[in-house]
Each structure stands twice: as C-alpha cells, then as structure tokens.
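# Observations on the model geometry
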Amino acid sequence: MRTPLFVVALAGSLLIAPVAAQAVPCAVTDTMIKASQAWVTKGTDLKANNWSNANFHVGNIAQVRTTGISNHKTWPWVKANKYLLPIDPANPYAPDPQSSGEAYLAVSFFHPEPEVLQPLRDNLRAQAKTGKFDHWKSPDALTMSLPSFTEVAVRDLDQDLLDYSYRSYRSLKKRTFDEVTGLWSLNVQTNGWAVQGLAKAILMLPKDNPYRADYAKTLRKSAQTLRHLQRHDGFWGATGKDSAATAMITYAFAAGVNAGVLDKETYLPYVQKGWQALQTALDADGLLGWTAARNSWKPASAGDSAGFAVGSFLIAGQQLVPLTPGC
C-alpha cells in the first residue's frame, strides 16, 4: 500500500534550525564555530568531492544555520564540483557519491538555483527506475543515501522516490539488522552511520507518515542497545574511543529526542555525556581528534581527524542546542 506524502514546508524542517540573527552566546555553539573553523584551516584533502567532505559540509551548513556565523567554504566547494556527484560509471548508484547531494541540498537553502540539485535529482530518479532495491550493501548507506532520497522526495512531492528509498531500507534491514539486539552488522561506528541516517530521515518526514514511524521504531530498538554500549568516559567505539561513532550516536539520540521519538528523560543524559566526551577530543584549536577510520577495527589516536567526523560533531551540536538551557 502506497504511503501518502504530505506537503511539508522544508524551510521550517527540524533538520536544520532557522538561521540565527546573530551568534548564540552558549558553549555549544561557540564550540561548533571553533570546530568548523579548525577543520577548514587545518584539515586535509579539503577540495575533493567525496563522501567525507560532503558529510563535513552538511555539518558546516548546519553550523551556519544554527549560529549565523559562516566560514564561506561550502558554497565554493559546491561550485567547484559543478553540482556533480562523484559517480563511478561502473557503479552509478553507489551510496557514497549521493552523500555529495546531501551537501548540495543543505546549501540550496541559501542558493536555490535549479542547477544545484539537478544532477542529484537525475541520479536518484534513474536509480528508482531500475526497480532494484539492493544497491545499499552496508548500513552506512542510511547516512550516504537515505537523507538525499528522503529530502528530494519531500521537496518534490515525489511519492515514487519515497517508496523506493523505503523499500531499499527494508531490503538492507533484512540483510544487515539483528532484530534481537537492535544492532546493524560490522561494528559500533557502522551502527552510528545507520542511526544517524535514520534520525535525519525522521526529521524530514511529516509526523503522521508511516515510513517515519517505521524508521523511528528501528531507531528506538537500536538506541535501547547502543545506550548500554556507551563507555564510562562517554565515548562509543569499536576498539576504543571514537569521536566519529560518538558524534553520530549523540546526534541520533538528540535528534530522536527533538523529534519526539526517543524519551527525553531516558536519552538526554547519554547525549550530554557523549557531547562532553567529544569536548575532550578537541585540541586547543578546536580540531576534532580520536577519529577511527570508517568502519575500521583499528584504534584511533589523538591526532586522527576527518571531515566526516567533524560534520557529525556539528549536527550533533545543532540538535543539542534546543536541549541546552540558555542556548
């Protein structure tokens, strides 16, 4: 049965807070500004059109819309990419390149020119027309692809696109999700990618949408286990503390609380503990360290940083703001 897609005013979406008139005087937003600036100053491989930079720029725009302070880096990066996805012709519907589209969606709030989103729209609709629902091989596709599919579907009132992405999620879940433990395959960071993507989709969809209800049900099941996997120091990680996994799960819990699908009394303490742990991963300049490589079992070190982790840190901070008195 097809699920009706209701009209949503995306500019008022919970995904990204309205642009602040001025910087908000609170520790959360101050840290967000410092962390985003540190990455664009000290980060590596900043020009590449890849999934890690895309995830950073999604967070960077979240920081701008939350604080009103811009480092003026995302729009030049998008223009340099010519709005294209970094697609491998041999695998045109791989999830990773579609993460660049999420960054384009974020920046289109400020630059709504049609050409910004056209390659993304073309790629997603071509994938949907294949009628194949197994392009998502790993749970991290829920961050790489699901947000772009969901937001384009909501913006364009495209029910077919929404149906397709939901069926892709169901196919992935059947192959990689443990219904008993509530965990996705591979390791804790992989679960971070999964719950982060689900939380983004939940925030984008109308509250009465059945797909949203299913995503929320899965998020709750994962959260029930993941909260018990938080380390005593507030981090999550596969073989040690990992700021990427911690930022993703902190974001998902905070977004779930803000969306009304996770109990605030239960989950806010884990959000706050995770955020405090992330503060200890920042160096004096605000560069986020202790980032394990994507889905890796190799322990991270203080000097390990990556754009995708900074992006998750920034969206986690954005969701923490409405949960923090005085911000």
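These numbers come from a predicted model, not from an experiment.

Rules behind the numbers
- Residues numbered from 1 in each chain as written.
- Predicted model: local features only at pLDDT ≥ 70, side-chain atom pairs only at ≥ 80, totals over all residues.
- Heavy atoms only, no water.
- Helix = DSSP H or I, 4+ residues; strand = E, 2+ residues; numbered from the N terminus.
- Expected span 1.5 Å × (residues − 1).
- Buried < 20%, exposed > 50% of the residue type's maximum accessible area, 1.4 Å probe, protein only.
- Contact = heavy atoms within 4.5 Å.
- Polar contact = N/O pair within 3.5 Å; in protein donor to acceptor, adjacent residues only side chain to side chain.
- Disulfide = S-S within 2.5 Å.
- Phe/Tyr/Trp six-rings, centres within 6.5 Å; stacked < 30°, edge-to-face > 60°.
- Lys NZ or Arg CZ within 6 Å of the ring centre and 35° of its normal.

### A look at helix α12 (residues 264–280)
For α12, spanning 17 residues, the distance from its first C-alpha to its last is 24 Å, which sits close to the expected 24 Å at 1.5 Å a residue. Restricting attention to buried positions, one finds in α12 the residues Y267, L268, Y270, V271, G274, W275, A277 and L278. Where α12 is buried, its residues touch α1 (27–42), α10 (210–226), α11 (243–258) and α13 (307–320). The N-cap of α12, judged by a side-chain oxygen 3.4 Å from the amide nitrogen of E265 a few residues on, is D263.

### Focus on the state of the cysteines
Counted according to the given criterion, the structure contains one disulfide. The disulfide partner of C26 is C327, and the gap between their sulfur atoms is 2.3 Å. Every disulfide takes its handedness from the sign of the S-S torsion; for C26 and C327 that torsion is 110 degrees, giving right-handed. Residue C26 is found in the segment before α1, and its partner C327 is found in the segment after α13; the two are separated by 301 residues along the sequence.

### A few points about the packing of aromatic side chains
Both the distance between ring centres and the angle between the ring planes are used here to describe each pair of aromatic rings. Taken as a whole, this structure holds 18 aromatic pairs when the rule is applied. Ring centres of F133 and Y164 lie 5.2 Å apart, and the angle between their planes is 35 degrees; on these two criteria the pair is classed as tilted. With F133 in the loop between α5 (118–130) and α6 (141–144) and Y164 in helix α8 (residues 159–176), this residue pair connects regions lying 31 residues apart in the sequence. Ring centres 5.7 Å apart and planes at 85 degrees place the aromatic pair W236 and F253 in the edge-to-face group. Taken together, the residues span a long stretch of sequence, with W236 in the loop between α10 and α11 and F253 in helix α11 at a distance of 17 residues. F253 shares its class with W236; the two are buried. Here the aromatic cluster, defined as three or more aromatic residues joined through ring pairs, consists of F133, W136, F149 and Y164. Its end group placed over the ring of F109, R65 keeps NZ or CZ at 3.2 Å from the ring centre.

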